[in-house]
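Commentary on secondary and tertiary structure
Spelled out from the first residue to the last, the chains are:
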Amino acid sequence: MSAQHNCARVDGHCNRCDSPVPFAFTMAFQPIVDISQRRIIYYEALVRGPNGESAFSILEQVTEDLMYRFDQACRIRAVELASELGMQERLSINFLPNAVYEPTACIQATLEAAHRAGWPSERLNFEITETERVKDRAHMRNIIESYREMGFTTSLDDFGNGYANLDLLTDLRPDTLKIDRELVMGCDSDKRRQSILRSIVALAETLEIQLIAEGVETRDESRCLLSLGLAQQQGYYFSYPNLESLAKIDDAKYD
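What counts, and where the lines are drawn
- Residues numbered from 1 in each chain as written.
- Predicted model: local features only at pLDDT ≥ 70, side-chain atom pairs only at ≥ 80, totals over all residues.
- Heavy atoms only, no water.
- Helix = DSSP H or I, 4+ residues; strand = E, 2+ residues; numbered from the N terminus.
- Buried < 20%, exposed > 50% of the residue type's maximum accessible area, 1.4 Å probe, protein only.
- Areas by Shrake-Rupley, 256 points an atom, 1.4 Å probe, with all protein chains shown as cover.
- Disulfide = S-S within 2.5 Å.
- Pairing = 2+ DSSP bridges.
- Arc of directions from axis to C-beta.
- 1 Å grid on protein atoms, 1.4 Å probe; cavity = no way out; pocket = protein on both sides within 12 Å on 5 of 7 lines; lining within 4 Å.
- Points joined across faces, edges and corners; volume = space filled by probe spheres on them.
- Nonpolar A, V, L, I, M, F, W, Y, C, P; charged D, E, K, R; others polar.

**With respect to the overall build of the protein**
- When helices and strands are counted, the protein shows eight helices and eleven strands.
- A total of 255 residues make up the protein; the buried ones form 49% of that total.
- For the protein, the accessible surface area stands at approximately 11,900 Å², while carbon and sulfur atoms represent 47% of it.

**Describing the state of the cysteines**
- Summed over all chains, the structure comprises zero disulfides.
- Cysteine C187 shares no disulfide, and the gap to the nearest cysteine sulfur, in C224, comes to 3.9 Å.

**Remarks on the pairing of strand β6 (residues 124-128)**
- The element β6 is extensively covered by neighbouring structure, given that five of its five residues are classed as buried.
- The side-chain alternation of β6 yields two buried faces, one formed by L124, F126 and I128 and the other by N125 and E127.
- In this sheet, β6 lies alongside strand β5 (residues 90-95) in parallel orientation, the contact comprising five bridges. Paired with N94 across the two strands is E127, which belongs to β6.
- Alignment of β6 against strand β7 (residues 153-159), held across four bridges, turns out to be parallel. Of the residues in β7, the one forming a bridge with E127 is S155.

**Some points on helix α4 (residues 108-117)**
- What α4 keeps buried is the set A109, T110, A113 and A114. The buried residues of α4 occupy an angular sector of 140° when the element is viewed end-on, so they sit on one face. Residues of α4 that are exposed and angled more than 90 degrees away from the buried face: H115 and R116.
- Of the residues one or two after α4, G118 is the one with positive phi, at around 70°.

**With respect to the layout of surface pockets**
- A volume near 850 Å³ is recorded for the largest pocket.
- In terms of lining residues, the largest pocket is bounded by 36 residues, among which L46, A55, L59, N94 and T129 are the most central.
- Where the lining of the largest pocket is concerned, the elements lending two or more residues are β3 (26-34), β4 (39-48), α1 (55-59), α2 (67-84), β5 and β7.
- Of the residues that constitute the lining of the largest pocket, the class distribution is 16 nonpolar, seven polar and 13 charged.
- Size it by volume and the second largest pocket reaches roughly 160 Å³.
- Lining the second largest pocket, in full, are D34, V201, A204, E205, I209, Q210, L211, G229, L230, A231 and Q232.
- Of all the secondary-structure elements, those providing two or more residues to the lining of the second largest pocket are α7 (191-207) and β9 (210-214).

As C-alpha cells, this is what we get:
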C-alpha cells in the first residue's frame, strides 16, 4: 500500500508526529549564492547537535519509529530559527519522502509554525534527500506536485551521484536539481566533468529546471562552473554551515 494512504492525522493531531523527539538538536545554515547576482539566494538548514555535533551524531539516534516525529521537528525548528535570525532569503529544508504519508496533512505542522513565526510560506523550499530509499516513485511525484500547488518549491539533492539520476526525471518535476560534489570536484581541470556538466545544463534548460552546484571548495571550481552556466552554487568555498547563525559572503568570492 502506498504511504499516502496511511496518514494518522485526525482532528488536527497526529499520533506519529506530535510528540517531541527524545533528544536535543538544532540547525546550522549554509548559504547558496548566485554568482551572477552577487547575492545569497537561499540558506539550507542542516541538522546539528545542540553544541555543534555532527549531523550523523543526531541521525544515528533516529529510529524508524521516530522518523516521522523527527522530520516534522526539523521542519519546525528550521522555520522558527530562520525567523528568529531575521533571514530574508528563501529557506531550504531537507526532508525524507518516506516520512511523508499524505502531503497536505503532513505539511500542516510546518505551516502552523510558519504562521506563528510570521514566515511567508512562499519562501519555503523543500529539498528531497535519500532518494535511493524511496521505492514508491508515484508517492514522491505526489509530494512534489502537491507542494507546487501549495506554493512551495522543491529540490532534488545529490543529482549525479548514482541514486538521483536521469531516470528520476522521467517521473519527477522538481524546481531545482542540486549537482553532486562528485561532478563538481576538480571540474576546472577535468574535461570529462566539464562535458558532463554542459550536458546537464542543456538538459535543465530544456526541462525548465534550475541547477545548483553543491560542494564547491575552490575559486577555480567556482569560476569554471560559472563559465559553464552554473551561477547558483553552494559549498565550503563560500561558507561552512554556521550553527544557529547566518553567514555573510565576502564580496571577493563573487569576483
